[in-house]
Structure formats: C-alpha cells, structure tokens
Amino acid sequence: LDEWRVREQSFDGRESVALYGMMLDGTSYADRAPIGVQQAIESMTAAPLRDFYDTWYRPDNAALVVVGDIDIDEVESLVRDRFEGLGPRGDIVEPPTTALGALGETKVTVFSDPDTLQMSAALMYPALQAPPATTADLRRAFLPGLAFDMIATRLSDDAVRGTAEFRTADSYSLDPVR
C-alpha cells in the first residue's frame, strides 16, 4: 500500500502514470498498473496471492544462472539434485499474450504538476518486438540507444557551457512491457 501511495502521491509517480498512460493507451495494459488500485490492495487476502505464485513461479518458467570460477560438472550435479525433481504446484496455463500492436500515429502528452518547478521533455521510440537473433540484429538494436546517448551528451555539454535554456539532458530506457 505504501508503494501505491508513493506512485499516487509523488511527482515522479504521477509523471510515470501519465507517461505510461500515453504509451500504453489502447492496450490491455492501459490504466492497469502492476501494483493495482488501492481498493484491491486493501482487500487482498492470501489465497489469490498463493494461487498466482503456484501458477506462475514454477520450474518451467524459471532460469538459473551460475557465474564464477566453478567446476561445471559439480555445479550441474548440484543443480540437478536440488531442482530436477520439482514440478509445478498449480495448473499449467498458457501465458497471456503480451505483445503490443503496431504503434500507429505519433503521440504527444503534456504533464503539469504543482509539485515541481522543473521542466523536462521526453522523446520515446519503440523497442524491437523480438529479441535480436543475429549479430546484425544486435547491432541494429544497439544503434538507437547509442544515438540518444550521443544527443543527450551533446545537450548536457551545452547546458554545462551555459549555452542552453535547460540545465541537464539524459537518455534512458524504459520497458514497461515485453
């Protein structure tokens, strides 16, 4: 409930709600934050949480990564001994479709909030729908982020020199859905 309050009662939270609302408009994610709404949080009981856990937190939905100076055969044996016999605790269900449709037209939103005196602008571009399969795909996926980082660096340099009407520029990535 405290996390919900932070989202609803802070500038950063309200800004995120506005941006995600614009980005996800027309999708099954619009107006449905992962944390839920106050009424659902306050009336939550243990049973639906256990059902969700048993349905989705299961061996066939998990990955284990081991990093370090290890004996591969020994670690594989340990992993198999501890996890191979585990099975799902709930019914096997087909995961929901999470892909978003075509973007369509350019979207713009203006967000104003009485709790901030700063101004910011955000330019967002779509991510690849599928993970890179080839080296060429990986390079193509890397280029937009690199370009935006270079633009942000140039704009930040202008701000530091005092030749811009703004104080800072940043580039970052958001991925609210797969």
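Residues numbered from 1 in each chain as written. Predicted model: local features only at pLDDT ≥ 70, side-chain atom pairs only at ≥ 80, totals over all residues. Heavy atoms only, no water.

Some points on the packing of aromatic side chains
Any aromatic ring pair is given by two values, namely how distant the centres are and how the planes are angled relative to each other.
Part 1 of the argument: Using the criterion set out here, one finds 3 aromatic pairs in the structure.
Part 2 of the argument: Relative to Y57, the ring of Y53 has its centre 5.1 Å away and its plane inclined at 5°; by these criteria the two rings are stacked.
Part 3 of the argument: Taken together, the aromatic side chains of F52, Y53 and Y57 make up a single cluster linked through ring pairs. (Phe/Tyr/Trp six-rings, centres within 6.5 Å; stacked < 30°, edge-to-face > 60°.)

Thoughts on the packing of helix 1 (residues 2-9) against helix 2 (residues 11-23)
Part 1 of the argument: Close contact between helix 1 and helix 2 brings their axes to 5 Å; oriented N to C, the two are set at 80°. By the angle between their axes, helix 1 is roughly perpendicular relative to helix 2. The segment helix 1 lies against helix 2, with V6, R7, E8 and Q9 engaging F11, G13, R14 and V17. (Axes fitted to C-alpha atoms, helices over the stretch in contact; angles between N-to-C directions. Helix = DSSP H or I, 4+ residues; strand = E, 2+ residues; numbered from the N terminus. Parallel < 35°, antiparallel > 145°, perpendicular 65-115°, else oblique. Contact = heavy atoms within 4.5 Å.)

A look at the confidence of the model for the chain
Part 1 of the argument: Of all residues in the chain, 91% attain a pLDDT of 70 or more, and the chain-wide mean is 82.
Part 2 of the argument: Within the chain, the element-level pLDDT minimum falls on helix 2, averaging 83, and the maximum on helix 5 (residues 72-83), averaging 93. (pLDDT = per-residue confidence, 0-100.)

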